[in-house]
Amino acid sequence: MRLSIGQVHRNVLALASSRSCFVLGDRLSFRMLSQQRAAGFHQTAWRGSQIVQDRGSPLTLASLEVQSKVEYGKKEKIARTGGPKPSSRGSSLNVKPRVSSSLSVKPRVSSPNVKPAKSALPKSAGVKKTLKVDEALFSAKSFEELGLTPLLIDRLNKEGLTAPTEVQSAAIPIIAQKHDVVIQSYTGSGKTLAYLLPILSEIGPLKRPMEQDNSEKRSGIEAVIVAPSRELGMQIVREVEKILGPNDKRLVQQLVGGANRSRQEEALKKNKPIIVVGTPGRISEISAAGKLQTHGCRFLVLDEVDQLLSFNYREDMHRILEHVGRKSGTTSRDILGPLARRSERQTILVSATIPFSVIRAARSWGHDPVLIRAKSVVPLDSITVPRPALSQADANSSSPSNSVNQAAVGSLPPSLEHYYCTAKAQHKVDTLRRCIHALEAQTVIAFMNNTKPLKDVVFKLEARGIEATELHGDLGKLARSTVLKKFKDGEFRVLVTNELSARGLDVPECDLVVNLDLPTDSTHYAHRAGRTGRLGRKGIVVTICEENEAFVVRKMRKQLAVAIKPCEFTEGELVVHKEEDVE
Ligand SMILES: Nc1ncnc2c1ncn2[C@@H]1O[C@H](COP(=O)(O)OP(=O)(O)OP(=O)(O)O)[C@@H](O)[C@H]1O
């Protein structure tokens, strides 16, 4: 049954906001639920202005030169026709938490220690200036209102995308104003299109007429998008191809590791792409070989920036940051008008988790960089960022691990539910099986820390009648994409994987994430957990740990400021415990 958002609202709203919605799970189709959830997610975008800690003299978006762009998009109002495309694969989680009989516990037990997340900003990052955000920015109901071109909007509509998410509403006008930006918004909130759409408004066949007039003056690569893994890189390529459409998809070229390098170089020569998307190693390799000219590049995007700036990628990222867009590639200010105030690349840094180190880096590379979150826009200069720890005394407040943990606050979608249960190492797979059955999960991603044990878990699940497959970096390129495709197509119920799949991977149908090994820290927890509950959908995260590890989960719970409730799976049901009974 297909219902319009309006119908769903009238018929389901009351149910969906209550627990009874879950009990009715088998009667309400997943499509209805996901539409309603997604509609709710979109609607929150239109709630009006946000004031970020009103402590000083107000700044408005106009002072960030955004106003003109908002007005550009205001010309005609077009009613929203729907939310995101519903999941093609039906699934519904059967969450009927039973309360352990010895305790008088309400189904939704929230720990007294756990406070709801207030802000995605690191806790100690004080905001000195107030930034009053223009109401119009967040009341955009359609892509038209954000000033995207009719050609681009047409392509979006063809792909079933009719309304921007919150973070897209915030980011598109600001990027169009040529600000360097850091985009921080929770997993699955649509950050990819938040940066792709303003870029495609300025380069390629869907760009603004004003940009079309000057197109002969530019040639070569105009945007470089860097992602930490091959899978994420390919996912972004497919997103760009989808928007460009079949006739122009050659204008984006993947430069990911593991693929044939000489073929990539040939494609660069033959297809003359305007956008390249790749992993740091491969991009810098081809660039060092003189086969990738990016000096005139206008956009540099670092997707999952906190990972890209980690030690592992240091040298490759250094080369990319030094070479991409370091010569004037833009048309002169006189021709493009006031918007064309830059002569160097525009840098866009993106992640659900932004530690202080990224804010520091953005300040040193950027021109008046701005932090964009779903409901606020803050000049980076106004954020107090602690200096890196120089002494033991400093370390308590600004150690790297502290910064990493603070980065994870607010990185999780509010639609997620989190649980943990304890099991001996040898019983974890059996607990996983019981968990899948109790929740009636259809599309499950199970995370482990190492590669070796993945196969064993797959084998044990298969032996218990659950179709499972493994995904890790040791598999060949072809095997990796085949596994992922089959999992997305529903051929396997469980994907057993390691950290490789923790970031960026978008499997909208995923309704359950299970940690079979504890994630390293709360940032890793957040990215793993974010593989479910995408775009306002419902999702459950279960951490199965050993008894003596439970304190780590409770610590992460505090750092993330989300309720991770103790539970067990018995007699085919999820039984939620009250915290005091397990401590
Ligand atoms: N405006 C929109 N309408 C409908 N669907 C959308 C819209 N924007 C994005 N999506 C879809 O939402 C899903 C999540 O988007 P995306 O992968 O960009 O999230 P993200 O914020 O980058 O997540 P992560 O932090 O995990 O990388 C994708 O399937 C994407 O196609």
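The structure displayed is predicted, hence computed values, not measured ones. Each chain has its residues counted from 1, running along the sequence as written. Residue-level local features of this predicted model are given only where pLDDT is at least 70; pairs of side-chain atoms are given and counted only at 80 or more, and the full residue set underlies all totals for whole chains, interfaces and linings. The side-chain values count all of the structure's non-hydrogen atoms but skip hydrogen atoms and water molecules.

Draft legend 1. The overall build of the protein, seen in detail. Helix numbering and strand numbering both begin at the N terminus, where a helix is a DSSP run of H or I of at least 4 residues and a strand a DSSP run of E of at least 2. What the protein contains, in helices and strands, is 23 helices and 20 strands. The buried label applies to any residue whose accessible area, calculated with a 1.4 Å probe on protein chains only, is under 20% of its type's maximum; exposed applies above 50%, and partly exposed to all values in between. Residue burial in the protein is summarised as follows: out of 583 residues, 59% are buried. Contact definition: two residues touch when any of their heavy atoms are within 4.5 Å. If you take every contact in the protein between residues at least 6 apart in sequence, the share linking residues at least 24 apart comes to 77%. Only the protein chains shown count as cover for residues, with accessible areas throughout obtained via the Shrake-Rupley method and a probe of 1.4 Å. Carbon and sulfur atoms make up 50% of the accessible area of the protein, which amounts to about 24200 Å² in all.

Draft legend 2. Focus on the site of the ligand. The immediate surroundings of the ligand are formed by 22 residues, with Ala163, Lys191, Thr192, Asp506 and Arg534 found nearest. Relative to its unbound accessible surface of 640 Å², the ligand loses 93% to contact with the protein. For the shell around the ligand, the element with the highest residue contribution is helix α8 (residues 191-200), accounting for 3 residues. The nonpolar class holds Ala, Val, Leu, Ile, Met, Phe, Trp, Tyr, Cys and Pro. Asp, Glu, Lys and Arg form the charged class, and all remaining residues, Gly among them, are polar. For the shell around the ligand, the class distribution of residues is 8 nonpolar, 8 polar and 6 charged. When we say a residue is near a molecule or strand, we mean one of its heavy atoms is within 4 Å of it.

Draft legend 3. Examining the packing of helix α10 (residues 230-244) against helix α21 (residues 477-488) more closely. α21 packs onto α10 with a crossing angle of 60° between their chain directions and a minimal axis gap of 11 Å. Classed by the angle they form, the pair α10 and α21 counts as oblique. Seen along the crossing, α10 lies across α21 with a hand that is right-handed. When α10 is examined against α21, the residues Arg230, Glu231 and Gln235 are found in contact with a partner set consisting of Lys477, Arg480, Ser481, Leu484 and Lys488. For the contact of α10 with α21, a count of residues per class yields 1 nonpolar, 2 polar and 5 charged. To define axes, lines are fitted to C-alpha atoms, for helices over the stretch in contact only, and angles between the resulting N-to-C directions are given on a 0 to 180 degree scale. Angles below 35 degrees are treated as roughly parallel, those above 145 as roughly antiparallel, those between 65 and 115 as roughly perpendicular, and all remaining angles as oblique. Here a crossing is called left-handed whenever its near helix is offset anticlockwise from the far helix by less than a right angle, and right-handed whenever the offset is clockwise.

Draft legend 4. Quick peek at helix α22 (residues 522-529). Counting buried positions along α22 gives 7 out of 8 residues, so the element sits mostly inside the fold. Inspection of α22 places Ser522, Thr523, Tyr525, Ala526, His527, Arg528 and Ala529 among the buried residues, and these make up the whole buried set. What qualifies as a polar contact is a pair of N or O atoms within 3.5 Å, subject to a donor-acceptor requirement within protein and to the restriction that residues adjacent in sequence count only when both atoms come from side chains. Two or three places before Thr523, at the start of α22, stands the capping residue Asp521, its side-chain oxygen 3.0 Å from that residue's backbone nitrogen.

Draft legend 5. Just the environment of Val457, in detail. Within the secondary structure, Val457 is located in helix α20 (residues 452-463). Taking the C-alpha atoms as reference points, Val457 and Leu432, 25 residues apart in sequence, are found 9.9 Å from one another. Leave out the neighbours within four places in its chain, and Val457 touches Val429, Met448, Val496 and Leu516.

Draft legend 6. Looking closely at the nonpolar core. For this analysis, a nonpolar core means a set of buried residues of the types Ala, Val, Leu, Ile, Met, Phe, Trp, Tyr and Cys, connected via side-chain atoms within 4.5 Å. Core analysis: the biggest nonpolar cluster contains 45 residues, and Ile183, Tyr195, Ile275 and Ile348 have the highest contact counts within it. Ranked by residues supplied to this core, first place goes to α8 with 7 residues. Discounting chain neighbours no more than four positions away, the residues touching Ile348 are Ile175, Val181, Ile183, Tyr195, Ile199, Phe299, Leu300, Val301 and Leu302. Counting 31 residues, the second-largest nonpolar core is a separate cluster that includes Cys421, Met448, Ala468 and Leu512.

Draft legend 7. Expanded view of the packing of helix α12 (residues 280-288) against helix α14 (residues 314-323). Between α12 and α14, whose axes approach to 9 Å, the crossing angle comes to 55°. Our classification of the angle between α12 and α14 gives oblique. Considering only the axes of α12 and α14, their crossing is left-handed. Together, Pro280, Gly281, Ile283, Ser284, Ser287 and Ala288 of α12 and Asp316, Met317, Arg319 and Ile320 of α14 make up the contact between the two elements.

Draft legend 8. Looking closely at the UniProt feature "domain: Helicase C-terminal" (unreviewed entry) in the protein. What UniProt calls "domain: Helicase C-terminal" (unreviewed entry) maps, in this numbering, to residues 431-575. End-to-end, the C-alpha atoms of residues 431-575 are 13 Å apart, and along that stretch the chain is 36% helix and 23% strand. UniProt positions are given in the numbering used here, feature names are shortened, and annotations may be inferred rather than shown by experiment.

Draft legend 9. Examining the environment of Ser287 more closely. Relative to the elements of secondary structure, Ser287 occurs in helix α12. With a relative accessible area of 11%, Ser287 lands in the buried category. Sequence-wise, Ser287 and Pro198 are 89 residues apart; in three dimensions their C-alpha atoms are separated by 25 Å.

Draft legend 10. Structural detail: the pattern of salt bridges. The working definition used for a salt bridge is a side-chain nitrogen of Lys or Arg within 4 Å of a carboxyl oxygen of Asp or Glu. Per the stated rule, a full pass over the model turns up 23 salt bridges. Glu470 serves as the salt-bridge partner of Lys455, at 2.7 Å between the closest nitrogen and oxygen. Pair noted here: Lys455 is in helix α20 and Glu470 is in strand β15 (residues 468-471), with a separation of 15 residues, a long-range link.

Draft legend 11. Fine view of the pairing of strand β8 (residues 275-278). Residues Ile275 and Val277 point to one face of β8 and Val276 and Gly278 to the other, with burial holding for every one of them. Both strand β7 (residues 252-255) and β8 contribute to a ladder of 4 bridges, which runs parallel. Within β8, the residue paired with Val252 across the bridge is Ile275. Read from β7 through helix α11 (residues 261-271) to β8, the crossover connection turns out right-handed. Pairs of strands are assigned from DSSP output, requiring at least two bridges between the strands. Crossover handedness is defined here as right-handed if the route from the first strand over the helix to the second strand goes clockwise, with the strands pointing away from the viewer.

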